[in-house]
Amino acid sequence: MDQTNRAERAVPLVKAERAVRTVRTDEWARAREFRLDALRDPVAPIAFLETYEDAVQRPDSFWRERTERSARSASVRQFVAELTDGEWAGSVVALVERAGTTDALGGLSAYEQAHLVAVYVRPEHRGAGVLKELFDAAIAWAWSLEEPRAERVRLYVDERNGRARAAYRRLGFEPTGRTVPVENDPSAREFELAVSRPGA
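Residues numbered from 1 in each chain as written. Predicted model: local features only at pLDDT ≥ 70, side-chain atom pairs only at ≥ 80, totals over all residues. Heavy atoms only, no water.

### Some remarks on the overall build of the protein
Then comes step 1: When helices and strands are counted, the protein shows seven helices and eight strands.
Then comes step 2: For 200 residues, the compact-globule formula gives about 16 Å, and the C-alpha radius of gyration of the protein, at 16 Å, lands near that figure.
Then comes step 3: Going through the 200 residues of the protein one by one, you find that 46% of them count as buried.
Then comes step 4: Here the contacts in the protein between residues at least 6 apart in sequence split such that 60% fall between residues at least 24 apart.
Then comes step 5: Summed over all atoms, the accessible surface of the protein reaches about 10100 Å², with 50% contributed by carbon and sulfur.
Then comes step 6: Computed over 31 positive and 33 negative side-chain charges, the inter-centroid distance for the protein is 3 Å. (Helix = DSSP H or I, 4+ residues; strand = E, 2+ residues; numbered from the N terminus. Rg over C-alpha atoms; globule rule 2.2 N^0.38 Å. Buried < 20%, exposed > 50% of the residue type's maximum accessible area, 1.4 Å probe, protein only. Contact = heavy atoms within 4.5 Å. Areas by Shrake-Rupley, 256 points an atom, 1.4 Å probe, with all protein chains shown as cover. Lys, Arg positive; Asp, Glu negative; His and termini not counted. Charge placed at Lys NZ, Arg CZ, Asp CG, Glu CD.)

### Details of helix α2 (residues 28–39)
Then comes step 1: Given a rise of 1.5 Å per residue, twelve residues ought to cover 16 Å, and the 16 Å separating the end C-alpha atoms of α2 matches this to within 8%.
Then comes step 2: By the burial criterion, the buried members of α2 are Trp28, Ala31, Arg32, Phe34, Arg35, Leu36, Ala38 and Leu39.
Then comes step 3: On its buried side, α2 packs onto α3 (44–47), α4 (52–55), α5 (60–72), β3 (76–83), β4 (88–97) and β5 (113–121). (Expected span 1.5 Å × (residues − 1).)

### Remarks on the confidence of the model for the protein
Then comes step 1: The share of residues in the protein with pLDDT of 70 or more is 92%, and the mean pLDDT across the chain is 91.
Then comes step 2: Here strand β1 (residues 10–15) stands out as the least confident element of the protein, with mean pLDDT 40; α2 is the most confident, with 98.
Then comes step 3: A low-confidence stretch, residues 1–16 (pLDDT under 50), is modelled with 32 contacts involving residues beyond four sequence positions or located in other chains. (pLDDT = per-residue confidence, 0-100.)

### Remarks on the pattern of salt bridges
Then comes step 1: For the structure shown, the criterion picks out 25 salt bridges.
Then comes step 2: Linking Arg154 and Glu97 is a salt bridge whose minimum nitrogen-to-oxygen distance equals 2.9 Å. Here Arg154 is found in strand β6 (residues 152–158), whereas its partner Glu97 is found in strand β4, with 57 residues between them in sequence.
Then comes step 3: Judged by relative accessible area, Glu97 falls into the buried class, the value being 4%.
Then comes step 4: The closest approach of N and O atoms between Glu192 and Arg152, which form a salt bridge, is 2.8 Å. (Salt bridge = Lys/Arg side-chain N within 4 Å of Asp/Glu carboxyl O.)

### A short note on the nonpolar core
Then comes step 1: In this structure, Leu116, Phe135, Val153, Tyr168 and Phe173 are the most contacted members of the largest nonpolar core, which totals 33 residues.
Then comes step 2: Breaking this core down by element, the ones donating at least two residues are β3, β4, β5, α6 (130–144), β6, α7 (162–170) and β8 (185–196).
Then comes step 3: Aside from chain neighbours lying at most four places away, what touches Phe173 is Leu116, Phe135, Ile139, Val153, Arg154, Leu155, Tyr168, Leu193, Ala194 and Val195.
Then comes step 4: Membership of the second largest hydrophobic core comes to 15 residues, among which are Phe34, Leu36, Trp63 and Trp88. (Core = buried A, V, L, I, M, F, W, Y, C linked by side-chain atoms within 4.5 Å.)

### A few points about the side chain of Glu190
Then comes step 1: Mapped onto the secondary structure, Glu190 falls in strand β8.
Then comes step 2: No salt bridge forms around the buried Glu190; measuring N to O, its nearest opposite-charge neighbour Arg160 is 7.6 Å away.
Then comes step 3: The contact partners of Glu190, leaving out residues within four places of it in the chain, are Leu49, Tyr156, Val157, Asp158, Glu159, Arg178, Thr179, Val180 and Val182.

### A short note on unusual backbone geometry
Then comes step 1: Cis geometry is adopted by the peptide bond preceding Pro148, which originates at Glu147 and carries an omega value of 0 degrees.
Then comes step 2: With respect to the secondary-structure elements, Pro148 resides in the loop between α6 and β6.
Then comes step 3: Unusually for a residue other than glycine, Ala118 sits at a positive phi of about 55 degrees.
Then comes step 4: Mapped onto the secondary structure, Ala118 falls in strand β5.

### Focus: the pairing of β3
Then comes step 1: With eight of its eight residues buried, β3 lies for the most part within the structure.
Then comes step 2: Alternating residues of β3 divide into Val76, Gln78, Val80 and Glu82 and Arg77, Phe79, Ala81 and Leu83, and every residue in both groups is buried.
Then comes step 3: Two strands pair when backbone bridges link them, and strand β2 (residues 18–22) and β3 are joined in this way by five bridges, in the antiparallel orientation. By the bridge assignment, Val20 is partnered in β3 with Ala81.
Then comes step 4: Inspection of the sheet shows β3 paired to β4 by seven bridges, in the antiparallel sense. (Pairing = 2+ DSSP bridges.)

Written out as C-alpha cells, the structure reads:
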C-alpha cells in the first residue's frame, strides 16, 4: 500500500469523544502552537530536549517543513488525539530508526525500530486514556511497516520523570537496561524503555 496515501488517513475513532489520527500537512500552525504549549508545561525541562525559548524563535518555514514531513514521510509520523471540538488533547511522534544507522540521540541503532518522541498530553486530559490511544496508534503504525520491519518500539524517559516512567510501564514498555546522559544535564540519565513486536 502507498505509504503517502495511508499517512494522511485518519486512524478510526478510538472513543466517541475523540479520534486519534495523523497530522495533516496544512496543520503546521496548530502543530506549532501545540508544541509551544508542551514546552511551557512545568515538566518540560525534564521531558523535552528543546526549550520554549528556542522553539518560539523558529520561522514558519521550519514548522511547515516539519509538519509536512510528519504527514507524508515514510520514516516519521505524528499522531494527534483530537476532540470533537477540534482541540488536540495529546500528540506523539514516531521516528523510524534503521539498524546500523545514527539514531535520534546520535548513537548507533542496533535494531530496526520506531522511536517515540515529543510525547505530550495536555494536563486536563491526563488519566483519561489519551496516552494509551496515542501509543496504540503509533505502535500499530510501526508494526504495519514492511520496510523496515520494526523489531521493537522504544522511547527514552528522564530518570527524574517518575510519573511518565510509570505511565509508560503501564502501557507495556519495559526497561532495557540502557541509559544515556541527559543532553542538557550530564549528571542526570535517561532510561530506555521498549516493547517488542508480538511473537518476536
